[in-house]
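Structure at a glance
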Amino acid sequence: MTPMSPNKRSSSKRSSQTLAHGADKYALYERAVQDPPSTRELIEEIYKSRRNRAPRSLREDFCGTAALCVDWVLSKKDRRALGIDIDPAPLGYARRRKLPSLSESQRQRLRLVQQDVLVPDDQLHDVVVAFNFSYWTFHKRSDLLRYFLNAHAGLNKSGLFLLDLHGGPDAQYELEEATDHEDFTYVWQQDIFDPIGNSTRCHISFSFPDDSRLDKAFTYDWRLWNLGELRDILHEAGFKRVDTWWDGDDDLLRPMKSATNNVSWVAYLAAWKN
Ligand SMILES: C[S@@+](CC[C@H](N)C(=O)[O-])C[C@H]1O[C@@H](n2cnc3c(N)ncnc32)[C@H](O)[C@@H]1O
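Report on the accompanying structure. (Residues numbered from 1 in each chain as written. Predicted model: local features only at pLDDT ≥ 70, side-chain atom pairs only at ≥ 80, totals over all residues. Heavy atoms only, no water.)

Observations regarding the sheet that holds strand β6 (residues 175-180)
- An order of β6-β7-β8-β9 is seen for the four strands of this open sheet, with the pairing classed as antiparallel. Only two strands of the sheet have a single neighbouring strand rather than two, namely β6 and β9 (213-223). Mean inter-strand twist for the sheet, computed between neighbouring axes without regard to direction, equals 15 degrees.
- The sheet contact formed by strand β8 (residues 199-207) and β9 spans eight bridges and is antiparallel. By the bridge assignment, Ser199 is partnered in β9 with Arg223.
- Contacts from helix α3 (residues 25-33) reach β7 (185-194), β8 and β9 within the one sheet, and its direction differs from that of β9 by about 65 degrees. (Pairing = 2+ DSSP bridges. Helix = DSSP H or I, 4+ residues; strand = E, 2+ residues; numbered from the N terminus. Axes fitted to C-alpha atoms, helices over the stretch in contact; angles between N-to-C directions. Contact = heavy atoms within 4.5 Å.)

Shown next as structure tokens:
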């Protein structure tokens, strides 16, 4: 074993006393990025726009810590959710930190699976979602089509596949945005944009009042898919109708056929099986 220099020893002691050292990146991510009740309300609104009942079963692809799945089973007694993520770490967080507070019945209506979203699952759902641009992990069109085919296969006849995307010129520039929260700052960083692969690398970091930092707590290597391409690939995967839900001038999301470009925008694609 290599002996530690006195300097190194004292700095590692200091770092173990920092706010960053005591922080949990999954807890911070949930607080900074997610708002499960409003996401659930959006799913309900979009589903009801074409079906005259509330959706009951949800499959959350790329579920991370399954925050939306948990909110879903808590929201109504007849609701079930399946969360799929390839990474055991956020699923472990969900199992340790979320499941213990659920009742037996709520736990029975929630299934978490560590798996690639490309692997077929037999259960059919009212709604499949892929949020926070997670499907941008697929850089090749053939892989994205394979994923959309799998989402299509996981839906019942009246099913809805809902995904978000962002765009506008800002999405192609290096930038850093900081958002203050009570006890930490959330930092979104777009690092590099490659116009040949239309790909980008983004990072999430968290900084704290004692100047400590969880640097690059999350890194994403994404292809920036554009809205028209996504609509085409969804149709190719078999979806009969694809609505674009866009933020109007009044800040309300609604289905739109055309829109004014902004420097930065977020939209939702609602792909209907029938
Ligand atoms: C940006 S996080 C999204 C978390 C959550 N869905 C949200 O809306 O905030 C992306 C998640 O996708 C997971 N992931 C990436 N590739 C995957 C794949 N091929 N199959 C399943 N999960 C995957 C990662 O492990 C990570 O937890």
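Re the pairing of strand β12 (residues 265-272)
- Most of β12 sits inside the fold, with seven of its eight residues counted as buried.
- Here strand β5 (residues 155-167) runs beside β12; their pairing, made up of eight bridges, is antiparallel. Pairing of Asp164 across the sheet is with Tyr268, part of β12.
- Here strand β10 (residues 241-247) runs beside β12; their pairing, made up of five bridges, is antiparallel. Residue pairing in the sheet places Trp245 in a bridge with Tyr268 of β12. (Buried < 20%, exposed > 50% of the residue type's maximum accessible area, 1.4 Å probe, protein only.)

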